[in-house]
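The chain contents come next:
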Amino acid sequence: MMNFNEPINRLHTDNVKWDTMEQTYCEKDLLPMWIADMDFMTCPAIIEGIQREVAHGVFGYKNPSARLRETIADWQESMHSYRPAVDSIVFSPAVVPSICTAIQAYTNEGDAVLIHDPVYTPFAESIENNRRKLVRSALVSVNHHYKINFEDVERKMMENDIKLYIFCNPHNPCGRVWKAEELQKVGELCQKYGVLLVSDEIHQDIVFAPNKFTSMLNTGKDFSAFTVVFTAPTKTFNLAGTKVSYAFIENAVLRARFVEVQTRNCGAELNSFGLTAAEVALKEGKSWLDELLTYFEQNFDIVEEYVATSLPKVNFNRPEGTYLAWLDFNAYDLTDKEIMNILVHEGKVVLNAGIDYGENGAKFFRMNIATTKANVEEGLNRIKKALAIINSKHAITK
Ligand SMILES: Cc1ncc(COP(=O)(O)O)c(C=O)c1O
């Protein structure tokens, strides 16, 4: 049994989540509940695998093995009921670089690329950094359950001559795990308008029953001619620093174009520890992951209960997947910046501002619950403390 309650001091390890906050916010003793990594040790078998490699002491260049390809295919098959062809797997150090590679490989400067609003911030950044035209389709929230507005997606495809659609499943930050019927509609629209589809499926393994993850390559309809999937074991097993990810590109022409651009940028070499970690994780990590998902569910129970009883003006709808709570602060008559400042400087807690994921994320804040229960409770107490100050200021001004 893993003990996810054990606190691990991450301060002064040069990590982004804990060690950058003081400089960013000029504030001490902040509790980080932002960027999507976990405060947990990874699965012990992975640590042992990396330790064996360290003991060998030779850290030269390394290739992904045929064994690793088979292991990835096995994982996809046993976890997600489809088996990518091993030849379709293309390795990349991380998903965001793959998104940039796809943008460069499949579009030209000035071409329009579609994403949702809100969605993971680097989608928009990658499109704009590569001088493509950013087009967004707002997700629609019905009782805090997000849906795709398919009429809007279709209109945007027609009006903007969209070349590429970058899709997120499970969805960060809203936590939706899109259903096969929804994915079929996405695929059918791409087919109808000749749009290439990139599906970022990095959160595929963090899904809570009864929800079930369906890959864009496994919807019951065959979209493989124009679909590229990116995924990785790095969210699942907390390995983001080891730099390992992969694409499934069934269409040989699309695969060759992707590899050509990746090669041009010398972007295909991976960290040897990442390759080792991935193989051990996918072979031996399933029971660790099961325990982790149970712990996440308990953390979401805590958030749900706390918000209902102690944060009555905040809205929270449990996510279907991801370890990210999407909290709605729209009841407060303050700007995003004002809320953020109060959370940071009064509550001393750092969440991600929803506005960074698109305008449609305004007044939402994303809370990362991949930490100890004690930290989740402390984070919620800090939010409460910050909001109490808003409430009392509000009372005074009234
Ligand atoms: C949807 C999504 N894609 C990609 C990433 C980052 O992946 P990588 O570290 O492999 O670039 C994240 C990290 O939070 C994410 O949420």
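Read on for a plain summary of the structure. For every chain, the first residue of the written sequence is number 1, and numbering continues from 1 along that sequence. In keeping with the predicted nature of the model, local features appear solely for residues at pLDDT of at least 70, side-chain atom pairs appear and are counted solely at 80 or more, and the whole-chain, interface and lining totals rest on all residues. Side-chain numbers come from the whole structure's heavy atoms, not from hydrogens or water.

Further remarks concern the sheet that holds strand β3 (residues 112-117). Taken together, the seven strands give an open sheet; going across it, the order is β2-β10-β9-β8-β7-β3-β4, and neighbouring strands pair in mixed fashion. If you trace the sheet from one side to the other, it starts and ends with β2 (89-92) and β4 (133-138), each paired once. Neighbour-to-neighbour, the strand axes of the sheet open up by a mean angle of 25 degrees, direction not taken into account. The pairing of β3 with strand β7 (residues 162-168) spans three bridges and is parallel. Within β7, the position partnered with Val-113 by the bridge is Leu-164. Running at roughly 20 degrees to β2, helix α9 (residues 252-264) makes contact with β2, β8 (196-200) and β9 (227-231) of the sheet. The pairing criterion for strands is at least two bridges between them, as found by DSSP. Secondary structure elements follow DSSP: runs of H or I of four or more residues count as helices, runs of E of two or more count as strands, with numbering from the N terminus. Note on geometry: axes are C-alpha line fits, over the in-contact stretch for helices, and angles between N-to-C directions span 0 to 180 degrees. The contact definition used throughout considers only heavy atoms, calling two residues in contact when any of these lie within 4.5 Å.

The next thing to look at is the packing of aromatic side chains. Stacked, edge-to-face and tilted labels apply to pairs of Phe, Tyr and Trp rings (six-membered ring for Trp) whose centres lie within 6.5 Å, assigned for plane angles under 30 degrees, over 60, and everything in between, in that order. Scanning all chains against the criterion turns up 22 aromatic pairs. Residues Phe-223 and Phe-226 carry aromatic rings whose centres are separated by 5.7 Å and whose planes lie at 45 degrees to one another, so their mutual orientation is tilted. Each member of the pair, Phe-223 together with Phe-226, is buried. Centroid distance Phe-329 to Phe-365: 5.2 Å. Interplanar angle 75 degrees. Geometry classified as edge-to-face. With Phe-329 in the loop between β12 (324-328) and α12 (336-347) and Phe-365 in strand β15 (residues 364-368), this pair connects stretches of sequence that are 36 residues apart. An aromatic cluster is defined as three or more aromatic residues linked by ring pairs; in this entry it consists of Phe-4, Phe-40, Trp-75, Phe-237, Trp-288 and Tyr-295. Burial classes: relative accessible area under 20% of the type maximum marks a residue as buried, over 50% as exposed, and values in between as partly exposed (1.4 Å probe, protein chains only).

Our next topic: the sheet that holds β15. Here four strands make up an open sheet; going across it, the order is β11-β12-β15-β14 and the pairing antiparallel. Edge positions in the open sheet fall to β11 (315-316) and β14 (352-353), since each of these has one partner strand only. The sheet contact formed by β14 and β15 spans two bridges and is antiparallel. Residue pairing across strands places Ala-353 opposite Phe-365, the latter belonging to β15.

With that settled, consider the state of the cysteines. Here a disulfide denotes one covalent bond, and it connects the sulfur atoms of two cysteines. Only a pair of cysteine sulfur atoms within 2.5 Å counts as a disulfide in this structure description. All chains considered together, the criterion is met by zero disulfides. No disulfide involves Cys-174; its nearest neighbouring cysteine sulfur is the one of Cys-168, lying 9.1 Å away. What makes Cys-174 buried here is its relative accessible area of 9%.

Looking now at the packing of helix α4 (residues 66-80) against helix α10 (residues 272-284). Viewed as axis vectors pointing N to C, α4 and α10 meet at an angle of 40 degrees, and their least axial separation amounts to 9 Å. The orientation of α4 relative to α10 falls into the category oblique. Here α4 runs over α10; the crossing is left-handed. On α10, the residues touching Arg-67, Leu-68, Thr-71, Ile-72 and Trp-75 of α4 are Leu-275, Ala-278, Glu-279, Ala-281, Leu-282 and Lys-283. For classification, angles of less than 35 degrees are called roughly parallel, those exceeding 145 degrees roughly antiparallel, those between 65 and 115 degrees roughly perpendicular, and all remaining angles oblique. Handedness of a crossing is defined here by the sense of rotation of the near helix relative to the far one, left-handed for an anticlockwise turn of less than a right angle and right-handed for a clockwise turn.

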